[in-house]
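# Breakdown of the fold
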Amino acid sequence: MYRNDTVLPFFAILFSIALFYAFRLDAIHLEQLAGEAKEELTPGQIGLLAFSAVFLVYGLIGYFSTWLEGVELRPGRHVPEPGAAVAVVSVLLAVVLAGLSGFFVRLLLHQMTVGPVSSAAQGVVFGSIMLVAALLLAIYKKYYLGDEVLIEDEHSEVPW
Amino acid sequence: MNPQVERIEVYVDDATEPVQVLTQPPFKVRLDTRTLPDGEHALRIVTVFKSGAKEERRLTFFVDNLPDVALEGLDEDQRVNGEVEFDVKVGEYQAPIEPGRTSPWLYVVATVVVLFLVWLFFAVSPTSEEIASQMAPSGGATEESVAQGSGAPVDQALFDKGKDIYAQSCAACHQAGGEGVPGAFPALKGNKLLGDLKGTLTIITEGKGGMPAFKDFSDEDLAALLTYIRNDFGNSFGGVSVDDVKEALGKGGSTAAAGGGEDLAALIKTGEEVYAQNCAACHQAGGEGIPGAFPALKGNQNLKDKKLVIDRILNGVGAMPPFGSSLDDAQVAAVATYLRAKLNDFGPVSESDVKAER
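### Observations concerning the overall build of chain B
Looking only at helices and strands, one finds 14 helices and six strands in chain B. Out of the 358 residues belonging to chain B, those deemed buried represent 32%. Contacts in chain B between residues far apart in sequence, at least 24 positions, make up 52% of those at least 6 positions apart.

### Topic: helix 7 (residues 219-231) of chain B
All names here are of chain B. Relative to the 18 Å expected for 13 residues at 1.5 Å per residue, helix 7 spans 18 Å between its end C-alpha atoms, a close match to the ideal helical length. Of all 13 residues in helix 7, twelve are buried; the element is thus mostly enclosed. Among the residues making up helix 7, those that are buried are D219, D221, L222, A223, A224, L225, L226, T227, Y228, I229, R230 and N231. The inward-facing, buried residues of helix 7 contact helix 4 (156-169), helix 6 (197-206) and helix 8 (242-248). Positive phi shows up at F233, right after helix 7, with a value of about 60°.

### Comments concerning the interface of chain A and chain B
Listed as interface residues are 23 residues of chain A and, on the opposing side, 22 residues of chain B. Contact between chain A and chain B buries roughly 1800 Å² in total, counting both sides, with carbon and sulfur atoms accounting for 66%. Scanning the region where chain A abuts chain B turns up one salt bridge. In this structure, the salt-bridge partner of E129 of chain B is R106 of chain A, at a minimum N-O distance of 2.7 Å. Taken together, the connections running from chain A to chain B amount to four residue pairs in polar contact (both at pLDDT 80 or more). Put simply, the parts of the chain that give the side of chain A that touches chain B at least two residues each are helix 1 (7-34) and helix 3 (84-113) of chain A. When residues in the side of chain A that touches chain B are grouped by element, the largest group, eleven residues, is from helix 3 of chain A.

### Considering the pairing of strand 4 (residues 54-63) of chain B
Residues and elements named next belong to chain B. When strand 3 (residues 39-49) meets strand 4, the two strands line up antiparallel, connected through ten bridges. For R44, the partnering residue across the bridge sits in strand 4 and is R58. Between strand 3 and strand 4, which pair antiparallel one after the other, the connecting turn spans four residues, and G52 there sits at a positive phi close to 100°.

### Examining the packing of helix 1 of chain A against helix 2 (residues 43-69) of chain A
Residue and element names in this part refer to chain A. The geometry of helix 1 relative to helix 2 is characterised by a closest axis approach of 7 Å and an angle of 155° between their N-to-C directions. In this view, helix 1 runs roughly antiparallel relative to helix 2, as classed from their interaxial angle. By crossing handedness, the relation of helix 1 to helix 2 is classed as left-handed. Counted by class, the contact of helix 1 with helix 2 contains 20 nonpolar, five polar and one charged residues.

The rules behind each value
- Residues numbered from 1 in each chain as written.
- Chains lettered and ligands numbered in written order.
- Predicted model: local features only at pLDDT ≥ 70, side-chain atom pairs only at ≥ 80, totals over all residues.
- Heavy atoms only, no water.
- Helix = DSSP H or I, 4+ residues; strand = E, 2+ residues; numbered from the N terminus.
- Buried < 20%, exposed > 50% of the residue type's maximum accessible area, 1.4 Å probe, protein only.
- Contact = heavy atoms within 4.5 Å.
- Expected span 1.5 Å × (residues − 1).
- Buried area = accessible area lost by both parts, 1.4 Å probe.
- Salt bridge = Lys/Arg side-chain N within 4 Å of Asp/Glu carboxyl O.
- Polar contact = N/O pair within 3.5 Å; in protein donor to acceptor, adjacent residues only side chain to side chain.
- Pairing = 2+ DSSP bridges.
- Axes fitted to C-alpha atoms, helices over the stretch in contact; angles between N-to-C directions.
- Parallel < 35°, antiparallel > 145°, perpendicular 65-115°, else oblique.
- Left-handed = near helix turned anticlockwise from the far one by under 90°.
- Nonpolar A, V, L, I, M, F, W, Y, C, P; charged D, E, K, R; others polar.

Shown next as structure tokens:
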């Protein structure tokens, strides 16, 4: 197994989906028992969601590493190859990032001056900001930053 | 620095005299390549240790100070004869590098300005304010709609009737004020699920969890009850008409054809009598049938198909005899309505429906 093998990330994401599905089924079952949609989560649901999130992040990191570095590290200097398409995507993402940041500020101001804003909506906007920033960093790392691998990758049982 | 090093001598090509001797750090070598002719050269770096030992590192490099010449009019390996004329083009030695027409700082400033404008647009534009105002918490939105009122106007007569029905059938569990009993009976007060007319109707007519099904309520009872629970206890989901109920139950057109709620009750009563005389012997009084011999009519999804029901009564099938000649249209409509609306939750059947199938 290479350092950036996708076997474990794949199963991590699979488990994550399964746990999230279990959470949904649990919610539907509770809704049927109670006769109404409860807003608050039970400790069991929180546990399912938390582990689902952990597995999801673990799996995404794995796939991200594979995308950035390849499955197998090869010694030598790796010169980045930026292209026009990458530049266009970077510019668009930067504009989206600026827009989302501005909108997030608008949400905060709205909450202070007018009335409450759904926490879920704020979370989605902030999460999107983080995601776009992460994507920009990843694009920079992959397409604009030179890299040098000094030692050959070792086969091992423990990935990254 | 390695304390064993005495000095470092730097030689260029095969010179016997070093161009530079370094005795202490930083061992920085400054070599003016313009003193060397263009082409390949060798650099020798000799490290002399205090013990007298020497180590030599050798590397080659390529000096390219002077521009190459370009020939126009004569190519490599070209065959020529007679007089030949061609241009020799040589770049200027040490020509100053032409400065970029646009300063890189301009790019940086332009990027910052553009991104700031985008940011500003989303931060202050009325459109984003409008979107932000639509992002109120869902709980708050419901309360707002309860306070402002929404949906159809409330029929006061239905509301009062619904209040009586609620007091008799619902208040024991859901409490008089609609607040329910936490953990046992859900509150109706502020319950946003009441906004879903069809869902609420299904819960009333089919029951849910510990709640029994109220199958005996007429459409008018249901409309009254729904009007009441959706518009009392601080709720304001709007009134519900009998037509709304019929539509939600999926028996809008048929009911209209068959007449109002009272006609329906009469039709079912007639149908019950016809059924007792003609059908109950095989399909049993409660419509449960005899497994393996006579199919159950109660809870039979096939009865959803109105035409199929009429066809079976008129023409029979298998062991079932046809009743087309012994029952008139009104009787067939009545028994079909009884089967569909009383034994099941489907809509009634009108005489014209039967006539169309004859």
